[in-house]
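# Report on the structure
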Number of protein chains: 2
Amino acid sequence: LNTHYENGTIKLENPPYFIAGGAVGGKKESEGPLCDWLDEFSEDGRFEQDTWEKAESEMQKHALYYALNRAGIDKVDFIFSGDLLNQCTASAFAHRESNTSYVGLYGACSTFAEGLCLSSLFLNSGSAEYTATSVSSHFCSAERQYRYPLNYGGQRPPTAQWTVTGAGTTIMGCNSGIARVTHINFGKIVDMGIKDANNMGAAMAPAAFDTINAIFKDTDTNPADYDLIVTGDLGFLGKKLLCEIFKKEEGFELPNIIDCGEEMFSKSAQDVHSGASGAGCSATVFSRFILEQIKAGRWKKIIFAGTGALLSPLSTQQGESIPSICHGMVIEV
Amino acid sequence: LNTHYENGTIKLENPPYFIAGGAVGGKKESEGPLCDWLDEFSEDGRFEQDTWEKAESEMQKHALYYALNRAGIDKVDFIFSGDLLNQCTASAFAHRESNTSYVGLYGACSTFAEGLCLSSLFLNSGSAEYTATSVSSHFCSAERQYRYPLNYGGQRPPTAQWTVTGAGTTIMGCNSGIARVTHINFGKIVDMGIKDANNMGAAMAPAAFDTINAIFKDTDTNPADYDLIVTGDLGFLGKKLLCEIFKKEEGFELPNIIDCGEEMFSKSAQDVHSGASGAGCSATVFSRFILEQIKAGRWKKIIFAGTGALLSPLSTQQGESIPSICHGMVIEV
């Protein structure tokens, strides 16, 4: 049986493995620094579909295909999946022909981390042999749902992040692989009263602090014990805030931190303001770049913490602040 | 370690317990046959809030309060929660002050069953001592999001179901309680090509068949082995279809079947066409009526199977059919 600690961390008695991942993206993603860690990209973002929403579904199918191929297996026992579209339709439509048990999630941009944590628990408890976590976002489907019609060309404030067009799938299993998940932490919802939907990094940073600090406390570790802390996706501003909160509250520096929202695009060459966001951001960055760097021996002990802003356009219109969440895990080679 | 069977059923080695539930509803729900199994109802459906969406959040808070009270505990380790609103905001806003690890789900009207299955796995694996599964829907917030503005008074076809205004919370634990969850089955997505968003019972019945039949096969049982099969929420038409599919495909009669969508309202006295629906329907019916009837000794061995239609207004507008899912479990006293 697992152990459940005071601040919510679960220690997994049979730590499962990351086996392999797949990632696909759009044109802007293919022009960024992670170009080599995309299996495929679509020049027009359509993946040969007639709507942006269908293109997003198609991306998830492709990412799952590449991930399964790289893992050398035909099928998984469970798919954990979610996205940002209303009623999470990108995911449901992507996997409706998979003939595989399906667990639908909503955690906004934390969905991918949430799926990896649940996958870990299923594998750890003997309930599955292989799982896939499949998550996506699409700039065009998100933009018209959350903000303005694309054709309107709405101006973006400097604090805004750019929704990634991308899908990432990571395959996990019981027996062997790149690295193991030893601890998981499903975060608590944190709402510090931020109301600016164009500054989600600021809303999410306190949730990231809460979960990462819970892992430190429950496992009696501190930032120096990790080769890497990777958040996804706070962006430039949110990551800076997270570092400031840790300094102020705990006296910790975070020397080894990177954020998926910073890695995806080039700050100097690509005009994305505060970095990347979207449920597909951490899914894409983690499924290939992070996993393959771990495989290459770059990092041995890692915290991966995915953040999400649990707002909707309607909640913002009704004057509400932005509840945020962060799901985290400890990964060891 | 658990056992994972061919058709997806997981046998839980340490079957967790249902402890107690809480349920609240609106005026129409309080006028129906389950009136005595509501802890509270709001005459105007507003629960003293200024929007329908905030009222829906408030319902979840109240249902959790009554459930914790009845269970005699102050706090759970995890909340599994979801609803039908875009970005599942009813749930996130309900639990943002709970200071409790939060797992956000989207399974449309199957969300409650999905949450109970996940709760069971967390408890079974020693990852939690107590969990809450909290799910809601609200006729007014759903109607204006999915269909028409309320004031428009759109006409409903006879196959349509009526979205329940209600929230239900069920508390589960490791040590003792009303009954135990011995098997869980996360369903596969089934899409038979039904495109009529006003006939979701027809879209969901094949998913219910798929999951319930998977449980029969994996556990080597048949309908005669159960005192009750309870689906939620196929409605009158969907339940009839499910019985027909079982007769045709397996030669089984389903003599002990009830559907949460049939139980909530009076067919003769309340004008709800094909019955009740909405994520809050099975959550409300199960959390008190079903649980307390089990406690009273009415049923000993039960399958509870929650169905969901994974469509969105946009997917319907884009000409898509309705992918459906059903998550099921075996409950034994």
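These figures come from a predicted structure and were not determined experimentally.

Quick notes on the rules
Residues numbered from 1 in each chain as written. Chains lettered and ligands numbered in written order. Predicted model: local features only at pLDDT ≥ 70, side-chain atom pairs only at ≥ 80, totals over all residues. Heavy atoms only, no water. Helix = DSSP H or I, 4+ residues; strand = E, 2+ residues; numbered from the N terminus. Buried < 20%, exposed > 50% of the residue type's maximum accessible area, 1.4 Å probe, protein only. Contact = heavy atoms within 4.5 Å. Areas by Shrake-Rupley, 256 points an atom, 1.4 Å probe, with all protein chains shown as cover. Lys, Arg positive; Asp, Glu negative; His and termini not counted. Charge placed at Lys NZ, Arg CZ, Asp CG, Glu CD. Least-squares fit on C-alpha atoms with pLDDT ≥ 70 in both. Core = buried A, V, L, I, M, F, W, Y, C linked by side-chain atoms within 4.5 Å. Axes fitted to C-alpha atoms, helices over the stretch in contact; angles between N-to-C directions. Parallel < 35°, antiparallel > 145°, perpendicular 65-115°, else oblique. Left-handed = near helix turned anticlockwise from the far one by under 90°. Nonpolar A, V, L, I, M, F, W, Y, C, P; charged D, E, K, R; others polar. Buried area = accessible area lost by both parts, 1.4 Å probe. Salt bridge = Lys/Arg side-chain N within 4 Å of Asp/Glu carboxyl O. Polar contact = N/O pair within 3.5 Å; in protein donor to acceptor, adjacent residues only side chain to side chain. Expected span 1.5 Å × (residues − 1). Pairing = 2+ DSSP bridges. pLDDT = per-residue confidence, 0-100. Phe/Tyr/Trp six-rings, centres within 6.5 Å; stacked < 30°, edge-to-face > 60°. Lys NZ or Arg CZ within 6 Å of the ring centre and 35° of its normal.

So, on to the overall build of chain A. Secondary structure summary: chain A contains 10 helices and 15 strands in total. Along the longest, intermediate and shortest principal axes, the C-alpha atoms of chain A span 55 × 50 × 35 Å. By residue count, 68% of the 333 residues in chain A fall in the buried class. Considering only contacts in chain A between residues 6 or more positions apart, those separated by 24 or more positions represent 77%. If you sum the accessible surface of chain A, you get close to 11,100 Å²; carbon and sulfur atoms cover 46% of it. Of the side-chain charges in chain A, 26 are positive and 40 negative, and the distance between the mean point of each set is 2 Å.

This part covers the relation of the copies chain B and chain A. The operation relating the two chain copies consists of a rotation about an axis and a shift along that axis. Mapping chain B onto chain A leaves a residual RMSD of 0.0 Å; the transformation is a rotation of 180° accompanied by 0.0 Å of translation along its axis. Taken together, the rotation and translation describe the operation of a two-fold axis. Minimal C-alpha separation from the rotation axis in chain B is found for L105 of chain B, amounting to 2.1 Å.

So, on to the nonpolar core. Core analysis: the biggest nonpolar cluster contains 144 residues, and I171, F304 and M329 of chain A together with I171, F304 and M329 of chain B have the highest contact counts within it. With 25 residues, the next largest nonpolar core counts F246, A305, A309 and I322 of chain A among its residues.

Another point: the packing of helix α2 (residues 52-71) of chain B against helix α5 (residues 139-146) of chain B. Residue and element names in this part refer to chain B. Orientation of α2 relative to α5, taken along the N-to-C sense of each, is 135°, at an axis distance of 8 Å. Comparing the axis directions of α2 and α5 gives the class oblique. For the crossing formed where α2 meets α5, the hand is left-handed. From α2, W52, E53 and E56 reach across to α5, where they touch C140, S141 and R144. Classifying every residue of the contact of α2 with α5 by side-chain character gives two nonpolar, one polar and three charged.

Our next topic: the interface of chain B and chain A. Facing 59 residues of chain B, the contacting portion of chain A comprises 59 residues. When chain B packs against chain A, close to 4,700 Å² is buried across both sides, 58% of that on carbon and sulfur atoms. The largest per-residue losses of area from chain B upon contact with chain A belong to Q87, R96 and I189 of chain B, which jointly make up 15% of the total buried on that side. Seen at the junction of chain B and chain A, the total is four salt bridges. Across the pair R96 of chain A and D191 of chain B runs a salt bridge, and its minimum N-O distance is 2.6 Å. Linking chain B with chain A are 30 residue pairs in polar contact (both at pLDDT 80 or more), by the criterion used here. The element best represented in the side of chain B that touches chain A is helix α4 (residues 111-124) of chain B, accounting for five residues. Split by residue class, the side of chain B that touches chain A holds 25 nonpolar, 25 polar and nine charged.

On to helix α2 (residues 52-71) of chain A. Residues and elements named next belong to chain A. Over its 20 residues, α2 extends 29 Å from the first C-alpha to the last, a length consistent with the 28 Å expected when each residue adds 1.5 Å. Buried residues dominate α2, accounting for 15 of its 20 residues. Within two residues after α2, G72 carries a phi angle of roughly 75°, on the positive side.

A word on the pairing of strand β14 (residues 301-309) of chain A. Residues and elements named next belong to chain A. Summarising burial for β14: eight of the nine residues are buried, a large majority. Bridge analysis of strand β11 (residues 228-232) against β14 gives five bridges, and the strand direction is parallel. Opposite G232, over in β14, you have G306 as the bridge partner. Note that β14 and strand β15 (residues 324-332) share nine bridges and pair antiparallel. Bridged to G308 within β15 is I325.

Looking now at the confidence of the model for chain A. For chain A, per-residue confidence averages 96 on the pLDDT scale, and 100% of positions sit at 70 or higher. The ipTM for the predicted assembly is 0.98, set against a pTM of 0.98.

Turning to the pattern of salt bridges, a few remarks are in order. Counting across every chain of the model gives 30 salt bridges over all chains. As a salt-bridge pair, R96 of chain A and E320 of chain B come within 2.9 Å of each other at their nearest N and O atoms. One end of the pair, R96 of chain A, is in the loop between α3 (89-94) and β6 (101-104); the other, E320 of chain B, is in the loop between α10 (313-317) and β15 (324-332), on a second chain. Owing to a relative accessible area of 17%, E320 of chain B belongs among the buried residues under this scheme. As a salt-bridge pair, K27 of chain B and E31 of chain B come within 3.1 Å of each other at their nearest N and O atoms. Exposure remark for K27 of chain B: the relative accessible area of 37% places this residue in the partly exposed category. The partly exposed category is assigned to E31 of chain B, whose relative accessible area is 48%. Each of D39, R70, R288 and E292 of chain A takes part in one network of salt bridges that share partners.

What follows deals with the packing of aromatic side chains. Counted under the stated rule, the structure contains 38 aromatic pairs over all chains. On the numbers, 5.0 Å between centres and 80° between planes, the contact of W37 of chain A with F289 of chain A is edge-to-face. Within this pair, whereas W37 of chain A is found in the loop between α1 (27-30) and β4 (40-42), its partner F289 of chain A is found in helix α9 (residues 279-295), the two being separated by 252 residues in sequence. An aromatic cluster is defined as three or more aromatic residues linked by ring pairs; in this entry it consists of F209, F216, Y226, F246 and F252 of chain A. Cation over ring: K28 of chain A sits above W162 of chain A, and NZ or CZ is 4.1 Å from the ring centre. One residue, K301 of chain B, lies across the ring of Y226 of chain B, its end atom 5.2 Å from the ring centre.

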